[in-house]
Amino acid sequence: MKTIKSILLGSLFALTSTVNAHDYKVGELHIEHPWSKQVPPTSQVAAAFFNVVSHSDKGDELLSATSPIAGKTELHAHLHENGMMKMREVEKIDIPAHGSQALKPGGYHIMFFKLNEVPKLGEKFPLTLTFKHAGTIDLEVTVEEATYVPEGMKEEKMDHSQH
């Protein structure tokens, strides 16, 4: 009986660590499921997405990102300028106190240029994020299928009525 309990308890811990293996914590920030869309093997660009949740009484700022897969890494946003959606580099990404900031397709994201290597589907690659208050964190970004949509974004509907 003791052996069965040990096996069940071990299995539970293994399952729990697998579920949380793709979430990271730095200071009062929780980074959920960093991911990237699969790009063609000849691509020179890629992007990373994730959600940052703050449990702090004061806001924070994502100041920079680096990765060995790219010659250049930038913080980016999609902005509406002169009736057009344009992708632009931004100096920082604000993380509100006791709130969250989604880095997602069509919004804020991390952009990789001059890829040294193109990560393949299912692979993970390193990414280092630097926050103003929480500091630096190293994490791994999982490459998902190009059609991948995270669970939390499946319910979101885009409003194109203003076009």
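1. Concerning the overall build of the chain
Part 1: Secondary structure summary: the chain contains one helix and 11 strands in total.
Part 2: Scanning the chain from its N terminus toward the C terminus, one meets helices and strands in the order α-β-β-β-β-β-β-β-β-β-β-β.
Part 3: A burial count over the chain gives 35% of its 163 residues as buried.
Part 4: Partitioning the intrachain contacts of the chain with sequence separation of at least 6 by distance along the chain shows that 66% fall at a separation of at least 24.
Part 5: Accessible area of the chain: about 10100 Å², with a carbon and sulfur share of 56%.

2. Considering the pattern of salt bridges
Opposite charge on two side chains makes pairing possible when the charged atoms of those side chains draw close.
Part 1: Using the criterion set out here, one finds four salt bridges in the structure.
Part 2: Lys72 is the salt-bridge partner of Glu74, the closest N and O atoms lying 3.0 Å from each other.
Part 3: Take Glu74: its relative accessible area is 8%, and that puts it in the buried class.
Part 4: Salt-bridge contacts for Lys92 lead to Asp94; the nearest nitrogen and oxygen are separated by 2.9 Å.
Part 5: By relative accessible area, Lys92 is classed as partly exposed at 33%.
Part 6: The class of Asp94 is partly exposed, set by a relative accessible area of 40%.
Part 7: A single network of salt bridges, built from pairs that share partners, joins Glu61, Lys92 and Asp94.

3. Details of the pairing of strand 11 (residues 135–144)
Part 1: Note: strand 2 (residues 29–37) against strand 11, three bridges, orientation parallel. Paired with Ser36 across the bridge in strand 11 is Val143.
Part 2: Taken together, the eight bridges between strand 10 (residues 124–131) and strand 11 define a ladder with antiparallel strand orientation. By the bridge assignment for strand 11, Phe131 is matched with Gly135.
Part 3: Connecting strand 10 to the next strand, strand 11, in antiparallel fashion are three residues.

Calculation rules
Residues numbered from 1 in each chain as written. Predicted model: local features only at pLDDT ≥ 70, side-chain atom pairs only at ≥ 80, totals over all residues. Heavy atoms only, no water. Helix = DSSP H or I, 4+ residues; strand = E, 2+ residues; numbered from the N terminus. Buried < 20%, exposed > 50% of the residue type's maximum accessible area, 1.4 Å probe, protein only. Contact = heavy atoms within 4.5 Å. Areas by Shrake-Rupley, 256 points an atom, 1.4 Å probe, with all protein chains shown as cover. Salt bridge = Lys/Arg side-chain N within 4 Å of Asp/Glu carboxyl O. Pairing = 2+ DSSP bridges.

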